[in-house]
Amino acid sequence: MVRPKPQENARPVWIQRLRLKALALVVAIGLVAIGAISVFAIPAIPALSVAVAVVAVALNQIGHRLAHPTCYGCGSDISGNTPGVYGVVCPKCGTINQTLPPKHAKPGDEPAPGGDEPRNA
């Protein structure tokens, strides 16, 4: 079996775009709030509290996609793939993604030899 050569400067482009989108959203809502305060002479505290609430909801929607098993390199869904020794390999881009332990596993549990179920130490 031929292993693909890992890229030297591989960057998670999808995550960087997600961070950039979140930063642009925060800056845009902040500028709109400051502009509304200065143009319409509305009280600052209610306007800023609405802006903070909008930012919180928007960032929650952006981060919601990361709650599911998602490839860090391209953003595709990797929930159906079986994890290997080092994690799940994305079938589209080949990025190795770290997997989380099963929800029923406790910290300190070790995986049983030859199986996916954890055993108590």
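Visitor: Please clarify how the environment of Ile 37 should be interpreted in this entry.
Guide: Among the secondary structure elements, Ile 37 is positioned in helix α1 (residues 13–40). Taking C-alpha positions, Ile 37 is 8.8 Å from Leu 48, a pair spaced 11 residues apart along the chain. The residues touching Ile 37, leaving out its near neighbours within four places in the chain, are Ile 42, Ala 44, Ala 47 and Leu 48.

Visitor: In this structure, what is going on with the nonpolar core? I would like to understand it.
Guide: A general feature of soluble globular proteins is that nonpolar side chains tend to end up buried together. Formed by Trp 14, Ile 15, Leu 18, Ala 22 and Ile 62, the largest nonpolar core amounts to five residues. For this core, the leading source of residues is α1, giving four residues. Apart from residues lying up to four places away in sequence, Ile 15 is in contact with Leu 66 and Tyr 72.

Visitor: Which parts of the structure should I look at to understand the confidence of the model for the protein chain?
Guide: Should the pLDDT be low somewhere, the predicted coordinates at that spot are not to be read in detail. Scored by pLDDT, the protein chain comes out at a mean of 77, with 71% of its residues at no less than 70. Per-element averaging of pLDDT across the protein chain places strand β4 (residues 118–119) at the bottom with 52 and helix α2 (residues 44–63) at the top with 89.

Visitor: Whenever I open this one, unusual backbone geometry confuses me. Can you help?
Guide: What is expected of a backbone is that most residues other than glycine have negative phi and most peptide bonds are trans. The phi torsion at Ala 41 lies on the positive side, around 55°, for a residue other than glycine. Here Ala 41 shows up in the loop between α1 and α2. What makes Ala 41 exposed here is its relative accessible area of 66%.

Visitor: Would you explain the side chain of Thr 70 in this entry?
Guide: Take Thr 70: it is sitting in the loop between α2 and β1 (88–89). Those residues in contact with Thr 70 that sit more than four places away from it in its chain are Trp 14, Arg 65, Gly 75, Ser 76, Ile 78 and Asn 97.

The rules behind the values
Residues numbered from 1 in each chain as written. Predicted model: local features only at pLDDT ≥ 70, side-chain atom pairs only at ≥ 80, totals over all residues. Heavy atoms only, no water. Helix = DSSP H or I, 4+ residues; strand = E, 2+ residues; numbered from the N terminus. Contact = heavy atoms within 4.5 Å. Core = buried A, V, L, I, M, F, W, Y, C linked by side-chain atoms within 4.5 Å. Buried < 20%, exposed > 50% of the residue type's maximum accessible area, 1.4 Å probe, protein only. pLDDT = per-residue confidence, 0-100.

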